[in-house]
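# Breakdown of the fold
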Amino acid sequence: MTTTSTSTDEVMDYDEAIARFDPVMGLEVHVELNTATKMFCGCATAFGAPPNSQVCPVCLGLPGALPVVNATAVESAIRIGLALHCEIAPWCRFARKNYFYPDMPKNFQTSQYDEPISFDGWLDVEVEDGAGGTEIFRVEIERAHMEEDTGKSLHIGGATGRIQGADYSLVDYNRAGIPLIEIVTKPIAGAGERAPEVARAYVSALRDLMRALDVSDVKMEQGSMRCDANVSLRVRAGDGPTSAAQLDVPLGTRTETKNVNSLRSVERAVRYEIARHAAVLAGGGSILQETRHWHEDTGVTTSGREKSDAEDYRYFPEPDLVPVAPSRERVEALRQTLPEPPAERRRRLQTDWGYSDLEMRDVVNAGALELIEQTVALGASAQAARKWWLGEPSRRANGAAQDLVAYAAQLGFAPADVAALEGMVVAGRLNDSMARQVLDGVLDGEGHPVQVADARGLELVQDDAALEAAVEQVIAANPDVADKIRGGKAQAAGALIGQVMKATKGQADAGKARELILAKLQ
Amino acid sequence: MSSLTRDDVAHLAMLARIDLDDAELDRMVGELDVILGAVAKVQQAPIDGVAPMSHPLPLTNVTRPDVLRAGLTPAEALSGAPEVHEQRFSVPRILTED
């Protein structure tokens, strides 16, 4: 059989689906930790290394190898648990999750099962309230446990690169054993039509939190943060998604959609599954509990393997690893290292910078928060920093389908460049239009702002004699306009200023030109 | 006290990727019953007031610092692979049985 990324599944119009059914989600997010070494061995974790060059007997599951837990990974796991308001287990152990895919050479994945290191937490996420403001939606966390990543398989042959239909698979174990934290929510009910938006906001908030904790590089496009989205529908009851009658309705059968590798995909995949479930249920069918694959290109899911029941994994305690028992003192010490929660930080910065809600949302959506913070720290005003970062650099990053931070980093375009550019404006060397030309030059790789301004000869005419000569020339050439100004019509000066700017090739300070014109004619 | 059925054994054999014919399945039901029966004796142990044991060793928090250690070269890692393509382990297509 072959699988294609186009689906013949019927979907119901989303609004109709929501009118008839209540969606419930469960989100499982895997976060690869940014430790230097793997979870249970000293192999490197660098992304993009040649295949099978970061492996050893432990992560290859060779006989006699003995895993030993990475202390930094445990520390990161505890900090993540604390940041998610979880309880930290005083004692927990690892378990073997047995299965026979070649992505784990051991035939099991070392994970945690009945004793996760952290459990029972929550994360508040912000969704737009439809009236220009934001609203808080609390997502309950079931657990956040430690495990190891699997190897990467390339499927050769078959109709597509996907798993079914492949003739053989090529496996690279560099990723096998990289520390993962799996964060599992409790069923997320009560979101109603905004379920897809809540899913996206949750993953986005988690990503912000991981960044703030500095425990992962959370690059969804590289797979260091991955989301599996469980969706089920139940019939509508009561007078709204949060009504007691609705919450009493038993959950429907769920599907788990994998391969959801961007924030936008999280939202789209949940929305698609809601519409697909609704069509199946409304047609009198029943949902098969299964794994679905998300196809970014076509925006649909297709059936994957049927989901194993938990007992099929035959979990049992990992005999090669001893329990992890963090002391309360250690946990409290780690609690002291938690960063300011990202949402609070945003609110603080918005107040400090005097941004409107709309301005702040644009900044956050553009991923420019840190860049602006650093630019402001280098002396630029908050408004100027926002203006420059959200202008040409954001446009170019969008055009290259990159996030702003990655785009700027790749270009070597730093907050210091923006601060230098704005510095030249404030000092009166550049006007706004010249500064834009300088910015273009910097983004085109012509050098740092001052170098570009020098090389392009961009400098406001500071030489009063040159400016005065230009003003006199323009007055002499426009006696009618000059008469009007002499007669008290100061607003007529605009026409002369324009000509002065033209005469000086735009390098004059318009304000100064105006002063000079008025001084000579009044 | 065993409740192991022939279907249970067939399911376990499938999960463990062990091919058993009908005669072997019948024999295994009996043999596994005896083993489970023997292990089930631990249920008779008096455990009132005994804390659950997560691990038999009196050790916790055995960790190592997050420091790189040399591993295997790709050639060493792949030396036992039945087939290698593009410096990767080549394995038969999977998930055909699902």
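Helices and strands together make up the secondary structure of chain A, namely 19 helices and 15 strands. The C-alpha radius of gyration computed for chain A amounts to 30 Å, which surpasses the reference 24 Å derived for 522 residues by more than 25%, pointing to a less compact arrangement than a globule. Taken over the C-alpha atoms alone, chain A extends approximately 95 × 55 × 55 Å along its principal axes. Looking at chain A residue by residue over its 522 residues, the buried ones come to 41%.

On to the sheet that holds strand β5 (residues 108-111) of chain A. All names here are of chain A. Strand order in the open sheet formed by three strands is β5-β4-β15, and the pairing between neighbours is antiparallel. Only two strands of the sheet have a single partner each, and these edge strands are β5 and β15 (316-317). Where strand β4 (residues 95-98) meets β15, two bridges bridge the pair, whose relative direction is antiparallel. Paired with arginine 96 across the two strands is phenylalanine 316, which belongs to β15.

Time to look at the environment of A:Pro241. Residue and element names in this part refer to chain A. On the secondary structure map, proline 241 appears in the loop between β11 (225-235) and α4 (244-248). In this structure, the C-alpha to C-alpha distance between proline 241 and glycine 283, residues 42 residues apart in sequence, is 23 Å. Excluding residues that lie within four positions of it along the chain, proline 241 makes contacts with Asp22, Gly190, Ala191, Gly192 and Gln246.

This part covers the sheet that holds strand β9 (residues 168-172) of chain A. Within the open sheet, the four strands sit side by side as β8(A)-β9(A)-β3(B)-β2(B). Their pairing is antiparallel. At either margin of the open sheet sits one strand with a lone partner, and together these are β8 (152-156) of chain A together with β2 (84-85) of chain B. Relative to strand β3 (residues 88-92) of chain B, β9(A) runs antiparallel, the two being bridged by four bridges. Across the sheet, residue A:Ser169 finds its bridge partner in β3(B), namely B:Val91.

The next point concerns the interface of chain B and chain A. Listed by partner, the interface residues are 33 residues for chain B and 45 residues for chain A. The set of elements that each furnish at least two residues to the side of chain B that touches chain A consists of β1 (63-64), α3 (74-78) and β3 of chain B. Per-element accounting of the side of chain B that touches chain A gives the leading share, five residues, to β3(B). Class assignment for the residues of the side of chain B that touches chain A results in 16 nonpolar, nine polar and eight charged.

Right, let's get into the environment of A:Gly48. Turning to its location among the elements, A:Gly48 is positioned in the loop between β1 (21-32) and β2 (69-70). Each C-alpha atom, one on A:Gly48 and one on A:Asn174, is 9.0 Å from the other, the two residues being 126 residues apart in sequence.

Turning our attention to the domain arrangement of chain A. Domain annotation of chain A identifies domain 1 (14-334), domain 2 (342-455) and domain 3 (464-521). A separation of 35 Å is found between the C-alpha centroids of domain 1 of chain A and domain 2 of chain A.

Bringing the pairing of strand β6 (residues 118-128) of chain A into the picture now. Residues and elements named next belong to chain A. Two elements, strand β3 (residues 87-88) and β6, share two bridges in a ladder whose sense is antiparallel. Bridge pairing in β6 links glutamate 87 to phenylalanine 119. When β6 meets strand β7 (residues 134-148), the two strands line up antiparallel, connected through ten bridges. Note on β7: the bridge partner recorded for phenylalanine 119 is arginine 143. Linking β6 back to β7 in an antiparallel pair, the connection comprises five residues, with glycine 130 at a positive phi of about 85 degrees.

This part is about the packing of helix α13 (residues 415-426) of chain A against helix α14 (residues 432-443) of chain A. All names here are of chain A. Closest axis-to-axis distance for the α13/α14 pair is 10 Å, and the angle between their directions is 155 degrees. It follows from the interaxial angle that α13 and α14 lie roughly antiparallel. Here α13 and α14 pass one another in a crossing that is right-handed. Taken together, the residues of α14 that come into contact with α13 (itself represented by Asp417, Leu421, Met424 and Val425) are Asp432, Ala435, Val438, Leu439 and Val442. In terms of residue class, the contact of α13 with α14 is made up of seven nonpolar, no polar and two charged.

To continue, consider the nonpolar core. Generally speaking, soluble globular proteins have nonpolar side chains that are buried together. All names here are of chain A. Grouped together as the largest cluster of nonpolar side chains are 88 residues, with contacts concentrated most on Ala199, Tyr202 and Ala229. If you tally residues by element for this core, the top one is helix α3 (residues 195-213), at ten residues. In this structure alanine 229 touches Met25, Leu27, Ala199, Thr257, Val260, Val266, Ala269 and Val270, once residues within four positions along its chain are discounted. Ala368, Leu371, Leu458 and Leu460 belong to the second-largest nonpolar core, a separate cluster that totals 48 residues.

Moving on: the confidence of the model for chain A. Looking at chain A as a whole, its pLDDT mean stands at 91, while 95% of the residues score no less than 70. Predicted confidence for residues 1-5 of chain A stays below pLDDT 50, and this span has 18 contacts to residues more than four positions away or in other chains.

What follows concerns the packing of helix α10 (residues 382-390) of chain A against α13(A). Residue and element names in this part refer to chain A. Interhelical geometry of α10 versus α13 gives an angle of 115 degrees and a closest axis separation of 10 Å. The handedness of the crossing between α10 and α13 comes out as right-handed. Facing Ala384, Ala385, Trp388 and Trp389 of α10, the residues of α13 in contact are Val418, Leu421 and Glu422. Looking at the contact of α10 with α13, its residues break down into six nonpolar, no polar and one charged.

This part covers helix α19 (residues 510-521) of chain A. Residues and elements named next belong to chain A. Helix length check: α19 (twelve residues) gives 17 Å between terminal C-alpha atoms against 16 Å at 1.5 Å per residue, within 8%. Taken residue by residue, α19 has Ala513, Leu516 and Ile517 as its buried positions. One face of α19 carries all of its buried residues, which in axial projection span an arc of 100 degrees. What points out from α19, more than 90 degrees from its buried face, is the exposed set Gly511 and Ala519. For α19, the secondary structure elements touched by its buried residues are α16 (464-477) and α18 (493-503).

Attention shifts here to α14(A). All names here are of chain A. In this model α14 runs 16 Å from its N-terminal to its C-terminal C-alpha over twelve residues, within 8% of the 16 Å that 1.5 Å per residue would give. Listed as buried for α14 are Ala435, Val438, Leu439 and Val442. Down the axis of α14, the buried side of the element spans an arc of 105 degrees, and every buried residue falls inside it. Buried-residue contacts for α14 involve α10, α11 (392-399), α13 and α15 (449-455). In the segment just after α14, glycine 445 is the residue with positive phi, at about 85 degrees.

What counts, and at which threshold
- Residues numbered from 1 in each chain as written.
- Chains lettered and ligands numbered in written order.
- Predicted model: local features only at pLDDT ≥ 70, side-chain atom pairs only at ≥ 80, totals over all residues.
- Helix = DSSP H or I, 4+ residues; strand = E, 2+ residues; numbered from the N terminus.
- Rg over C-alpha atoms; globule rule 2.2 N^0.38 Å.
- Buried ≥ 20, exposed ≤ 12 C-beta atoms within 10 Å, placed from the backbone.
- Pairing = 2+ DSSP bridges.
- Contact = placed C-beta atoms within 7 Å.
- Nonpolar A, V, L, I, M, F, W, Y, C, P; charged D, E, K, R; others polar.
- Domains from an automatic or database assignment.
- Axes fitted to C-alpha atoms, helices over the stretch in contact; angles between N-to-C directions.
- Parallel < 35°, antiparallel > 145°, perpendicular 65-115°, else oblique.
- Left-handed = near helix turned anticlockwise from the far one by under 90°.
- Core = buried A, V, L, I, M, F, W, Y, C linked by C-beta atoms within 7 Å.
- pLDDT = per-residue confidence, 0-100.
- Expected span 1.5 Å × (residues − 1).
- Arc of directions from axis to C-beta.

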